[in-house]
Amino acid sequence: MIRVLLATPDREIAARARALLSELAEAEIVATADHAGEVTRMLADDDVPIDVAVLHDELGPLPVLDLAREVNHRFPQVGVLVLARETGVEQLRAAMSAGVRSIVRLPLMLSELHGAIVEANEWAQTVQSRLAAAGPAQRSTSRGRVVAVTGAKGGVGTTTVAVQLALAFKRQDPDRSVCLVDLDLQTGDVRAFLDVSHRRSIVDLIEVAGELTTGHINDAMFPHPAGVRVLLPPVKGEDAEDLDGTTVARILGGIRSRFDTVVIDAGSLATEATVVAIEQADDVLLVCTPDVVALRGANRVVDLWDRLAVRDAGVRVVLNRASRDREVQPGLAERVLTVPVLDTVIPDRVLDVEAATNAGDPARLTGAVASAMDALAGELGGDTPREAEVPEPDEVRENALAARVASETGALSAEFGAMLLPLLLTLLLMWQLVLAGYTTVLANQAANDAARVLSLEGNDPLAIQQAAESRLHGHWRRTVQPRVTSDHQIEISLPVPILVPGTSTPWRVRTSVAAIDESAAGAATQAGGMS
């Protein structure tokens with residue numbers, strides 16, 4: 001059975017191809033894709049082996065011939081066909097140069113499609129048998145592998161990791177061709193990290209993006225003495241305005257077909273150029289420092305890619321500036337982050353990194369950081385990674401921090417919980433003050449009414465008690481006991497309840513109001529008249 005991968009954005013063409021191949025007993029569509037990034041990922045999946053890849057010429061975002069060239073370099077055991085409406089001489093010549101076995105004209109016809117698939121499969125079987133005879137060393141290939149390095153936020157060391165990783169790949173295998181691409185088009189710093197004064201940049205490839213040659217690429221790149229070729233952003237960021245996603249896809253496709261490994265510094269902002277790079281990359285490294293803000297940023301970036309359908313797999317986090325003195329350790333980061341964390345961690349050696357950066361000489365970086373970069377390159381290449389140098393702290397402290405940084409919602413919940421008790425205590429204190437003030441108002445009103453009765457009716461205990469109770473209710477009414485003093489004043493003492501009216505309390509509000517002594521006033525008036 002010939003296993004076919006069908007890559008087309010047109011559903012009608014996909015349905016037509018399925019219907020036609022269902023009539024054949026020797027071919028079956030085992031996978032489908034609707035953009036270029038899915039094609040390379042599916043071909044790299046060993047669980048679903050592919051014999052023939054059928055590519056629609058309107059697949060996008062990478063031009064179909066660039067995609068075909070990439071497939072031939074990375075998966076030579078797969079036969080490539082192209083579906084197109086026009087099959088001119090120039091197109092046939094370009095397709096042959098890209099390694100396409102045949103161009104099938106649209107609309108699809110069973111005989112033409114069947115013949116092209118059979119011929120491509122024969123080619124694929126021949127290549128597979130040659131590779132099998134050559135042994136595992138010849139079958140394995142890393143040609144055209146793209147590693148995109150991006151940051152969880154600004155300042156986490158994205159450019160440092162990208163530059164040092166490219167150099168580490170070269171040290172790991174001196175025969176490997178390595179390219180470093182700075183796609184942080186507005187604020188890229190690779191030029192400063194390498195102390196490069198090269199005037200050519202990626203914008204020089206815009207006009208020739210549709211027909212890139214090795215000469216074009218070599219002219220635009222800077223050959224670094226370490227053996228890495230570097231493609232820089234323009235000196236003036238505004239010069240990159242004409243560099244759209246399609247152009248970037250074509251340039252990256254041409255580069256990856258000519259280098260064994262391509263490392264892309266994608267910065268920390270999601271621009272059209274960086275989104276294309278992340279979508280096409282085989283591996284995406286998300287650089288993150290071990291702190292709450294960066295961990296949250298990493299999760300937000302991953303969620304953004306998922307919402308935009310940019311990337312749903314192949315993303316891993318590399319922890320930078322890790323230290324045993326930090327509160328967040330690798331074990332905690334693994335539980336908080338929503339994507340896997342690499343075993344290799346980069347230790348916090350700021351002075352070592354600054355010395356190499358300020359001098360523009362990455363070779364000056366030695367010690368623990370350089371060793372970690374070599375280990376990182378080895379881990380990405382499938383070698384056994386080194387043990388992380390950062391030990392795990394107490395489980396109790398990790399659990400406490402995990403509740404804080406698990407997510408934005410979790411952080412808000414933890415902060416609200418911490419503030420809940422002081423807030424409740426404040427509200428209870430305010431309510432207690434309200435009850436005290438209300439009790440004072442009641443005591444004053446009761447004392448005034450009782451004093452009025454004392455002035456008009458004399459010292460009648462029953463009338464005074466009834467007057468005081470008339471202004472009160474509940475527990476205050478049951479406990480009021482007005483007292484007449486020797487200087488003709490009414491004293492009233494009321495209890496202040498604790499939170500709930502009616503509760504017993506040692507606190508009391510006392511107030512006194514002077515009453516007019518009518519009998520004394522009348523006697524004074526009569527005495528004045530007699531005189």
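An account of the accompanying structure is given in this report. (Residues numbered from 1 in each chain as written. Predicted model: local features only at pLDDT ≥ 70, side-chain atom pairs only at ≥ 80, totals over all residues. Heavy atoms only, no water.)

As for the overall build of the protein
Step number 1: Secondary structure assignment for the protein yields 20 helices and 15 strands.
Step number 2: Looking at the protein as a whole, 47% of its 531 residues qualify as buried.
Step number 3: Sequence-distant contacts in the protein: of pairs separated by 6 or more residues, those separated by 24 or more amount to 72%.
Step number 4: When the accessible area of the protein is evaluated, it comes to approximately 26100 Å², of which 52% is carbon and sulfur surface. (Helix = DSSP H or I, 4+ residues; strand = E, 2+ residues; numbered from the N terminus. Buried < 20%, exposed > 50% of the residue type's maximum accessible area, 1.4 Å probe, protein only. Contact = heavy atoms within 4.5 Å. Areas by Shrake-Rupley, 256 points an atom, 1.4 Å probe, with all protein chains shown as cover.)

Brief notes about the sheet that holds strand β14 (residues 489-495)
Step number 1: In spatial order, the strands read β13-β14-β15; together these three strands make up an open sheet with antiparallel pairing. Of all strands in the sheet, those with a lone pairing partner are β13 (483-484) and β15 (508-514), marking the two edges.
Step number 2: As defined by bridge partners, β13 adjoins β14 across two bridges and the pair is classed as antiparallel. Considered in β14, the bridge of Arg483 is made with Glu491. (Pairing = 2+ DSSP bridges.)

Describing helix α1 (residues 11-21)
Step number 1: Residues of α1 that are buried: Ile13, Ala14, Ala17, Leu20 and Leu21. Seen end-on, α1 carries its buried residues on one side only, within an arc spanning 130 degrees. For α1, exposure combined with an orientation more than 90 degrees from the buried face picks out Arg11 and Glu12.
Step number 2: You can read the cap of α1 off the contacts: a side-chain oxygen lies 2.9 Å from the backbone nitrogen of Glu12, and it is on Asp10. (Arc of directions from axis to C-beta. Polar contact = N/O pair within 3.5 Å; in protein donor to acceptor, adjacent residues only side chain to side chain.)

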